[in-house]
Protein chains: 2
Amino acid sequence: MARASKREEIAQAALEQFRTRGFNATGISDITSAAGAPKGSFYNHFASKEASALEALDRYGAELRFDMLDTPGRPALERLRAHFEFLGEDTVDNGFARGCLVGNFAAEVADHSDEIRSAIQGGFRQWTSYIQEVLTEAKEAGELDASLDVETTSLFILSAWEGTLIAARANKSSAPFDAFFRTVFDVVLR
Amino acid sequence: MARASKREEIAQAALEQFRTRGFNATGISDITSAAGAPKGSFYNHFASKEASALEALDRYGAELRFDMLDTPGRPALERLRAHFEFLGEDTVDNGFARGCLVGNFAAEVADHSDEIRSAIQGGFRQWTSYIQEVLTEAKEAGELDASLDVETTSLFILSAWEGTLIAARANKSSAPFDAFFRTVFDVVLR
């Protein structure tokens with residue numbers, strides 16, 4: 001029987017290593033060791049570390065449970081809050097470490113790789129549009145002030161979230177999360 | 001005459017390299033080349049790359065012109081807006097690159113170096129307290145709603161600013177800055 005390809009293990013190990021170490025501190029051998037694969041096998045599946053980072057961004061996006069945002073049966077703003085609570089749990093559960101892979105790559109790699117920057121930009125754009133749909137729905141349901149600019153507010157909320165993760169990791173504290181939920185939901189989205 | 005020490009050039013080159021490349025992508029030789037110093041001379045002045053990163057954070061903090069926040073003669077919220085406008089110019093002038101060294105180190109290094117994380121935490125704490133002083137002053141002057149929680153709001157504004165820089169770099173666009181100024185000054189601080 002032919003040996004199963006290690007592609008899946010390598011791709012998943014790359015995601016974990018990038019989330020834990022960042023892009024530049026991750027070596028190919030960190031990825032293959034974590035995958036239990038010989039170092040040379042990496043290049044059977046990925047042309048470069050950058051290529052595996054692009055796939056890691058896709059895989060990370062698939063974990064963000066955007067489906068939670070359009071599940072009917074709950075008020076729109078409750079769903080938005082549950083979305084960010086869900087995302088925050090990962091950082092809390094990891095001892096206030098790791099944060100968001102998209103934001104981390106934006107801070108570390110966006111200035112140096114057009115391909116990765118473009119993937120981050122696409123990810124942020126998609127994410128912002130999901131938030132915008134929820135806010136539009138909330139506005140139509142009368143949950144939000146009719147004068148709220150949903151496009152600007154969606155972009156702002158995503159930026160604020162990315163900075164909140166950074167502050168929570170720096171402080172090793174949930175105070176930045178509390179400040180995010182109180183200000184976004186009690187002040188901005190009132 | 002003895003040759004002048006290259007310490008100042010090396011320390012300043014380290015700041016520039018860390019701002020441009022990030023922590024892990026900066027090699028000692030990048031720093032010494034930029035400083036016009038022999039590679040070995042780095043260790044005459046710094047025990048490690050981490051030690052030079054700690055000094056870079058201090059030097060970066062001194063560039064943030066916190067004095068602009070307590071210059072009398074302008075309303076408090078106008079000073080706060082001018083502070084963030086000043087900080088944003090650096091990223092715009094650098095083609096939407098570089099961002100904030102404190103936030104970048106938080107994203108890239110905080111999980112892996114207690115010393116650097118602690119310096120970042122101290123920097124964020126100091127910065128938050130400056131913002132809090134301005135908001136307290138604005139509240140006392142009747143520029144702000146008396147019910148505003150200045151402690152929570154200061155922490156939130158700093159987080160939102162850090163995330164705004166990340167989004168502006170990812171998008172290579174000033175739209176995240178516009179969303180920050182409109183939401184913070186027209187919605188949160190109304």
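Residues numbered from 1 in each chain as written. Chains lettered and ligands numbered in written order. Predicted model: local features only at pLDDT ≥ 70, side-chain atom pairs only at ≥ 80, totals over all residues. Heavy atoms only, no water.

Focus: the overall build of chain A
- What chain A contains, in helices and strands, is nine helices and zero strands.
- Along chain A, helices (α) and strands (β) appear in the sequence α-α-α-α-α-α-α-α-α when read from the amino end.
- Referenced to the eigenvectors of the C-alpha coordinate spread, the extents of chain A come out at roughly 60 × 35 × 30 Å.
- Of all 190 residues assigned to chain A, the portion counted as buried reaches 54%.
- Taking as baseline every contact in chain A between residues at least 6 positions apart, the subset at least 24 positions apart corresponds to 62%.
- Element-wise, carbon and sulfur atoms account for 48% of the exposed surface of chain A, whose accessible area totals about 8,100 Å².
- Separation between the mean location of the 20 positive side-chain charges and that of the 29 negative ones in chain A comes to 6 Å. (Helix = DSSP H or I, 4+ residues; strand = E, 2+ residues; numbered from the N terminus. Buried < 20%, exposed > 50% of the residue type's maximum accessible area, 1.4 Å probe, protein only. Contact = heavy atoms within 4.5 Å. Areas by Shrake-Rupley, 256 points an atom, 1.4 Å probe, with all protein chains shown as cover. Lys, Arg positive; Asp, Glu negative; His and termini not counted. Charge placed at Lys NZ, Arg CZ, Asp CG, Glu CD.)

Some remarks on the interface of chain A and chain B
- With 43 residues of chain A at the contact, the number on the chain B side is 43 residues.
- Of the roughly 3,600 Å² buried where chain A meets chain B, counting both sides, 62% is carbon and sulfur surface.
- Counting the surface chain A buries against chain B, the share from its top three residues, D111(A), F156(A) and I166(A), is 16%.
- Remark: the boundary between chain A and chain B carries four salt bridges.
- Connecting chain A to chain B are 16 residue pairs in polar contact (both at pLDDT 80 or more).
- Of all the secondary-structure elements, those providing two or more residues to the side of chain A that touches chain B are α1 (7–21), α6 (101–108), α7 (114–140), α8 (150–171) and α9 (175–188) of chain A.
- For the side of chain A that touches chain B, the element with the most residues is α8(A), which contributes 13 residues. (Buried area = accessible area lost by both parts, 1.4 Å probe. Salt bridge = Lys/Arg side-chain N within 4 Å of Asp/Glu carboxyl O. Polar contact = N/O pair within 3.5 Å; in protein donor to acceptor, adjacent residues only side chain to side chain.)

Quick word on the relation of the copies chain A and chain B
- Taken as rigid bodies, chain A and chain B are interconverted by a rotation of 180 degrees and an axial shift of 0.0 Å, the fit giving an RMSD of 0.0 Å. Taken together, the rotation angle and the small translation identify this as a two-fold axis.
- Of the interface residues in chain A, 100% have counterparts in chain B that sit at the interface too, so the contact is made through matching surfaces. (Least-squares fit on C-alpha atoms with pLDDT ≥ 70 in both.)

Topic: the UniProt feature "DNA-binding region" (unreviewed entry) in chain A
- The UniProt feature table records "DNA-binding region" (unreviewed entry) at residues 27–46 of chain A.
- Helix makes up 60% of residues 27–46 of chain A and strand makes up 0%, while its end C-alpha atoms are separated by 14 Å. (UniProt positions renumbered as here; feature names shortened; annotations may be inferred.)

Side note on unusual backbone geometry
Residues and elements named next belong to chain A.
- Positioned with a positive phi, F96 is a non-glycine residue whose angle comes to about 60 degrees.
- Topologically, F96 is positioned in the loop between α5 (76–93) and α6.
- Positive phi outside glycine occurs at R98, with the angle close to 80 degrees.

Re the packing of α7(A) against α8(A)
Residues and elements named next belong to chain A.
- The contact between α7 and α8 brings their axes to 8 Å, and the two run at 125 degrees. On the basis of their axis angle, the class for α7 and α8 is oblique. Our pair here, α7 against α8, has a crossing hand that is right-handed. When α7 is examined against α8, the residues F124, W127, T128, I131, Q132, L135, T136 and K139 are found in contact with a partner set consisting of V150, E151, T153, S154, L155, I157, L158, W161 and E162.
- When grouped by side-chain class, the residues that make up the contact of α7 with α8 number nine nonpolar, five polar and three charged. (Axes fitted to C-alpha atoms, helices over the stretch in contact; angles between N-to-C directions. Parallel < 35°, antiparallel > 145°, perpendicular 65-115°, else oblique. Left-handed = near helix turned anticlockwise from the far one by under 90°. Nonpolar A, V, L, I, M, F, W, Y, C, P; charged D, E, K, R; others polar.)

Let's talk about the environment of R65(B)
All names here are of chain B.
- With respect to the helices, strands and loops of the structure, R65 is situated in the loop between α4 (49–62) and α5 (76–93).
- Overall, R65 belongs to the partly exposed group, its relative accessible area being 37%.
- The sequence separation of R65 and I10 amounts to 55 residues, and the corresponding C-alpha distance is 23 Å.
- Not counting residues within four places of it along the chain, the set of residues in contact with R65 comprises H83 and F86.

Overview of the environment of C100(A)
Residues and elements named next belong to chain A.
- As for its placement among the helices and strands, C100 is situated in the loop between α5 and α6.
- The class for C100 is buried, based on a relative accessible area of 2%.
- Discounting residues that sit within four places of it in the chain, C100 has contacts with Y60, W127, E162 and L165.

Some words on α5(A)
- Here α5(A) spans 26 Å end to end across 18 residues, near enough to the 26 Å set by a 1.5 Å rise per residue.
- Residues of α5(A) that are buried: A76(A), L77(A), R79(A), L80(A), A82(A), H83(A), F84(A), L87(A), G88(A) and T91(A). (Expected span 1.5 Å × (residues − 1).)

Re the domain arrangement of chain A
All names here are of chain A.
- Taken domain by domain, chain A consists of domain 1 (7–58) and domain 2 (64–188).
- Distance from the C-alpha centre of domain 1 to the C-alpha centre of domain 2: 26 Å.
- Across the contact, 14 residues belong to domain 1 and 13 residues belong to domain 2.
- Surface buried jointly by domain 1 and domain 2 totals about 1,200 Å² across both partners, of which 61% is contributed by carbon and sulfur atoms. (Domains from an automatic or database assignment.)

A short note on the pattern of salt bridges
All names here are of chain A.
- Enumeration according to the criterion identifies 24 salt bridges over all chains in this entry.
- For R7, the salt bridge goes to E55, with nearest N and O atoms at 2.6 Å. Of the two residues, R7 is situated in helix α1 and E55 in helix α4 (residues 49–62); the sequence distance between them amounts to 48 residues.
- Classification of R7 as partly exposed rests on a relative accessible area of 30%.

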